[in-house]
Amino acid sequence: MSYATENILGSYEKAVSAATSGTSRTASDKDMFLKLLVAQLSHQDPLNPVEDKEFVAQLAQFTSVEELQNINKGIESMNTSFNKQQIVNAAAFLGTQVSAKGDTITRADDYVSTMYVTYPQNVASGTVKVYSTTADGQPDKLVYSANLSPTQAGTQQYVWSGLDNNGKTMANGTYIVTFSALNSAGENMLVSTESDGVVVAVEAAEGGNHYLYLNDGRKVRYTDVQVIAYPQKSDGSTDGKTDGETKDGTTTTGETTT
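Residues numbered from 1 in each chain as written. Predicted model: local features only at pLDDT ≥ 70, side-chain atom pairs only at ≥ 80, totals over all residues. Heavy atoms only, no water.

J.: Which parts of the structure should I look at to understand the overall build of the protein chain?
T.: What the protein chain contains, in helices and strands, is 3 helices and 13 strands. Taken over 258 residues, the protein chain has a buried fraction of 33%. In the protein chain, the proportion of contacts linking residues at least 24 apart, taken out of those at least 6 apart, comes to 67%. Carbon and sulfur atoms make up 52% of the accessible area of the protein chain, which totals about 15000 Å². (Helix = DSSP H or I, 4+ residues; strand = E, 2+ residues; numbered from the N terminus. Buried < 20%, exposed > 50% of the residue type's maximum accessible area, 1.4 Å probe, protein only. Contact = heavy atoms within 4.5 Å. Areas by Shrake-Rupley, 256 points an atom, 1.4 Å probe, with all protein chains shown as cover.)

If you want it as structure tokens, here you go:
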């Protein structure tokens, strides 16, 4: 290619770049490549034309750019479809009881939350405490406390009766449950908790990892949900599954009222 031709192509490339600055990168690259190829053929030296091999290589590059553009469109379409499908899947959670990380439970006339407590070691002793909550969801008054019986390590199920230490039925609402546990050496251990909540709303999020709003005020990720069930009634029964069915591998945490 002659020096004059290189200057022509350089100027033309700048003009095309300015004209396509507002379009998508892949589309503009394809358009620029095609226009540059035509310009090169139009301004090539008749005494030193582009060789066949070089011309074929340039056409192959053009084909690659076009294929990349088609693949990009396909991926964008797939992502759009995936996000729409995810929000549909998340909407199916509405009205169901899901288990997610947290220490908040809800008490209602026909519903009671279940907690799942994970102990890293065997529990020699400990306490469980239930607090009422303020308007902004913070712990308020201690309404119930009990000593934990010796318990095996692992995930255990805990269900509060809804009564205070005097046997009085507490009002409907949200409560916070805390656990403190000691191992056989008398050392404190880190306890993690999950609690059930009923999904009342779904919020779309970027990337398809949508948010679920629970009836106790929590906001959890769609992908963080570990257990899905029908809401449990205050008498222990559920709609859609047999009475007494619980999360696999869990047992009720032993306790003695204090």
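J.: Sorry if this is basic, but what is going on with the environment of D216 here?
T.: Relative to the assigned elements, D216 resides in the loop between β10 (211-214) and β11 (219-221). Expressed as a C-alpha distance, the spacing of D216 and G137, which sit 79 residues apart in the sequence, is 9.0 Å. Beyond its immediate stretch of four places on either side in the chain, D216 contacts T104, T106, T174 and D196.

J.: Looking at this structure, how should I read the nonpolar core?
T.: Y119, Y158, W160, V177 and F179 are the most contacted members of the largest nonpolar core, which totals 20 residues. Elements with a contribution of two residues or more to this core: β4 (115-119), β5 (125-133), β6 (139-148) and β8 (173-182). Ranked by size, the runner-up nonpolar core spans 10 residues in total, among them V98, A100, V199 and V225. (Core = buried A, V, L, I, M, F, W, Y, C linked by side-chain atoms within 4.5 Å.)

J.: When you look at the packing of aromatic side chains in this model, what are you seeing that I'm missing?
T.: Centre distance and the angle of the planes are the two values used to describe a pair of aromatic rings. According to the stated counting rule, one finds 2 aromatic pairs in the structure shown. Ring geometry for Y158 and F179: centres 5.4 Å apart, planes at 90°, overall edge-to-face. Of the two residues, Y158 sits in strand β7 (residues 154-158) while F179 sits in strand β8, which places them 21 residues apart along the sequence. The two residues Y158 and F179 agree in class, both being buried. Lying across the ring of Y211, K219 places its NZ or CZ 4.2 Å from the centre. (Phe/Tyr/Trp six-rings, centres within 6.5 Å; stacked < 30°, edge-to-face > 60°. Lys NZ or Arg CZ within 6 Å of the ring centre and 35° of its normal.)

J.: Even after reading the chapter, I still don't get the pattern of salt bridges, so can you show me in this structure?
T.: Opposite charge on two side chains makes pairing possible when the charged atoms of those side chains draw close. Scanning all chains against the criterion turns up 1 salt bridge. The residue K219 makes a salt bridge to E203 at a minimum N-O spacing of 3.5 Å. Of this pair, K219 sits in strand β11 while E203 sits in strand β9 (residues 192-203), placing them 16 residues apart in sequence. On the accessibility criterion, K219 (42% relative accessible area) is partly exposed. (Salt bridge = Lys/Arg side-chain N within 4 Å of Asp/Glu carboxyl O.)

J.: Teacher, can you tell me more about the pairing of strand β1 (residues 97-101) here?
T.: Regular strands place side chains that alternate from one sheet face to the opposite one. With respect to burial, β1 is a largely interior element, 4 of its 5 residues being buried. Of the pairings in the sheet, the one linking β1 to strand β12 (residues 227-229) comprises 3 bridges and is antiparallel in character. Counted as the bridge partner of Q97 is A229 from β12. Where β1 and β9 come together, 5 bridges link them in antiparallel fashion. Along β9, the bridge assignment pairs Q97 with V198. (Pairing = 2+ DSSP bridges.)

J.: It is not clear to me how the environment of A181 should be interpreted in this structure. Could you clarify?
T.: Relative to the assigned elements, A181 resides in strand β8. A sequence separation of 33 residues divides A181 from L148, and the C-alpha atoms of the two residues are 7.9 Å apart. With residues up to four places along the chain from it excluded, the contact list for A181 reads Y119, V123, S125, G126, E187, N188, M189 and V191.

J.: What is the right way to look at the side chain of R218 in this model?
T.: With respect to the helices, strands and loops of the structure, R218 is situated in the loop between β10 and β11. Residue classification places R218 among the buried residues on the basis of a relative accessible area of 11%. Of the polar contacts made by the side chain of R218, one reaches the backbone oxygen of K101; its length is 3.4 Å. (Polar contact = N/O pair within 3.5 Å; in protein donor to acceptor, adjacent residues only side chain to side chain.)

It is worth stressing that arrangement in space is one thing and function is another; only the former is reported here.
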